[in-house]
Amino acid sequence: MTGKTSPTDGTPALDALQVRNHPLCGPADRMPTRYRGPHRLSHDGWLNFTGRLERREEIALVRGATAANRRVLDVGGGTGELTRAVAAEVGHCTTIEPHGSRVATLATGAETGGTGSIDVIPGHAESLPFPDASFDAVFAAWVLPYVDDLEASVRELARVCDAASPRARILLIGGGPGNELVSLLNRACVPVAGEPEDHQGYLLSAAATTLSENGFGRFSLYRTEAALHFPEVSPDARINAAATMMADFWYADHPRVAEMRDALRPELRRHFAHRPHAVGDQGTVLVARPGTAS
């Protein structure tokens, strides 16, 4: 592909159209034309999910990508793993978190050890409580599927990132095209819920278009591996644990959640036959920088 060279790894910078057509934002034949709307996370389901999730590669990538920055914002602090890793690397990290219980948890663990520290601020991606150009790096990991207004949220990421800084960058993490978790949910739960299929690549490609319109038009894409682990020895116990965790993650309050768990069990039996103790949560990382790719 043509384009300017990325300043960090020597690979060609992509434009927004190239991002949309890239295999890491696939599958192309299922690309929707509009945002399906946000998933609603159950608190207990989210806790079960995060308790089983291993994401060392994501953490290493975000920590490395922001190592040269000094004013870093994490939009959607979640468990705080990424926030703490970045703070330990660069000395400080600010995080926005919309859920009150998670804000309290993040605030309790705000000191990272050494010189790293964290500011935890309640807020939403659609309206970030900061002046323009407040940060030289902004990242949002697995946040786009949960925002009410996708375009407004991405505009806000660009607004608070200082495009004049030579280190300016915006990082977004979403599901990769081979994401096993999303595939299982699409096959088993989405038909029961009567909803459109989830397409994580659409979120990143739509974000690239909005970022390009707001001054961040040079992109790189990377693949990451994460996984949910199920150490239960009994196959039935493993299947039941995974079915409960997955259905409750997005659909705990849905009136047909029991049907979703039942629909997941045969899918999980087939999955665990070739990957006995894990479900992949493979990701795509989009890095946006100021300027244009051509």
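Before any of the text, the structure's been laid out above.
Below: a short report on this structure.

What counts and how
Residues numbered from 1 in each chain as written. Predicted model: local features only at pLDDT ≥ 70, side-chain atom pairs only at ≥ 80, totals over all residues. Heavy atoms only, no water. Helix = DSSP H or I, 4+ residues; strand = E, 2+ residues; numbered from the N terminus. Rg over C-alpha atoms; globule rule 2.2 N^0.38 Å. Buried < 20%, exposed > 50% of the residue type's maximum accessible area, 1.4 Å probe, protein only. Contact = heavy atoms within 4.5 Å. Lys, Arg positive; Asp, Glu negative; His and termini not counted. Charge placed at Lys NZ, Arg CZ, Asp CG, Glu CD. Polar contact = N/O pair within 3.5 Å; in protein donor to acceptor, adjacent residues only side chain to side chain. Pairing = 2+ DSSP bridges. Axes fitted to C-alpha atoms, helices over the stretch in contact; angles between N-to-C directions. Parallel < 35°, antiparallel > 145°, perpendicular 65-115°, else oblique. Left-handed = near helix turned anticlockwise from the far one by under 90°. Phe/Tyr/Trp six-rings, centres within 6.5 Å; stacked < 30°, edge-to-face > 60°. Lys NZ or Arg CZ within 6 Å of the ring centre and 35° of its normal.

On to the overall build of the protein, then. A count of helical and extended segments in the protein gives 11 helices and 11 strands. A compact globule built from 294 residues should have a C-alpha radius of gyration of about 19 Å, and the protein, at 19 Å, falls within 12% of that. The burial tally for the protein puts 53% of its 294 residues in the buried class. The contacts of the protein with a sequence gap of at least 6 include a subset with a gap of at least 24, amounting to 78%. Between the mean site of the 29 positive side-chain charges and the mean site of the 35 negative ones, the protein shows a separation of 3 Å.

Okay, the environment of Arg256 next. Within the element layout of this structure, Arg256 appears in the loop between helix H10 (235-251) and helix H11 (257-274). Taking the C-alpha atoms as reference, Arg256 lies 7.3 Å from Ala193; in sequence the two are 63 residues apart. Polar contacts involving the side chain of Arg256 include one to the side chain of Glu259, which spans 2.8 Å.

On to helix H4 (residues 81-90), then. Buried within H4 are the following residues: Leu82, Thr83, Ala85, Val86, Ala87 and Val90. Among the structural elements, helix H3 (56-65), strand E2 (72-75), strand E3 (92-97), strand E4 (117-122) and strand E5 (137-141) are those in contact with the buried residues of H4.

As a further point, take the side chain of His271. Residue position: His271 is located in helix H11. Judged by its relative accessible area of 7%, His271 is buried. Those residues in contact with His271 that sit more than four places away from it in its chain are Glu180, Ala278 and Val279.

This part covers the sheet that holds strand E6 (residues 169-175). One open sheet accounts for 8 strands, arranged E4-E3-E2-E5-E6-E10-E7-E11; its pairing is mixed. The sheet is open, and its two edges are formed by E4 and strand E11 (291-292), each paired on a single side. Pairing analysis gives 3 bridges linking E2 to E5, with the strands arranged parallel. Paired with Asp74 across the two strands is Phe139, which belongs to E5. On top of the sheet, helix H6 (residues 150-160) reaches E2, E5, E6 and strand E7 (216-224); it is set at about 150° to E6, its chief contact. Across the sheet, helix H9 (residues 200-213) is in contact with E6, E7 and strand E10 (283-289); its angle to E6 comes to roughly 160°.

On to the packing of helix H7 (residues 180-188) against H11. At a closest axis distance of 9 Å, the pairing of H7 and H11 adopts a crossing angle of 140°. In this view, H7 runs oblique relative to H11, as classed from their interaxial angle. The element H7 and its partner H11 pack so that their crossing is right-handed. Together, Glu180, Leu184, Arg187 and Ala188 of H7 and Ala263, Leu264, Glu267, Leu268 and His271 of H11 make up the contact between the two elements.

Further remarks concern the sheet that holds strand E9 (residues 278-280). Spatially, the 3 strands line up as an open sheet ordered E1-E8-E9, and their pairing is antiparallel. Taken across any chain shown, the strands that pair with only one partner, and hence form the sheet edges, are strand E1 (53-54) and E9. Pairing of E1 with strand E8 (residues 227-229) involves 2 bridges; the strand directions are antiparallel. Counterpart to Glu54 in the pairing with E8 is Ala227. Contacting E8 and E9, H7 runs over the sheet at an angle of about 90° to E9.

Enumeration according to the criterion identifies 5 aromatic pairs in this entry. Taken together, a centroid distance of 5.9 Å and an interplanar angle of 65° make the contact between Phe230 and Phe272 edge-to-face. On the criterion of sequence distance, the pair formed by Phe230 in the loop between E8 and H10 and Phe272 in helix H11 is long-range, its members being 42 residues apart. Relative to Tyr251, the ring of Trp250 has its centre 6.5 Å away and its plane inclined at 80°; by these criteria the two rings are edge-to-face. Both residues of the pair, Trp250 and Tyr251, count as buried. When the ring centre of Phe272 is taken as origin, the NZ or CZ atom of Arg238, which lies over that ring, is 5.8 Å away.

Tracing the backbone through its elements, the reader meets Arg289 in strand E10. On the basis of relative accessibility, which here comes to 5%, the residue Arg289 falls in the buried class. Side chain to side chain, Arg289 and Ser220 meet in a polar contact 3.2 Å long.

Note that the residue after Gly26, namely Pro27, is joined by a cis bond; omega there is 0°. Tracing the backbone through its elements, the reader meets Pro27 in the loop between helix H1 (16-20) and helix H2 (43-52). The backbone phi angle of Ala133 is positive, close to 60°, even though this residue is not glycine. When you line up the elements, Ala133 lands in the loop between E4 and E5. Although it is not a glycine, Trp142 adopts a positive phi angle of roughly 60°. With respect to the helices and strands, Trp142 occurs in the loop between E5 and H6. We classify Trp142 as buried; its relative accessible area is 17%.

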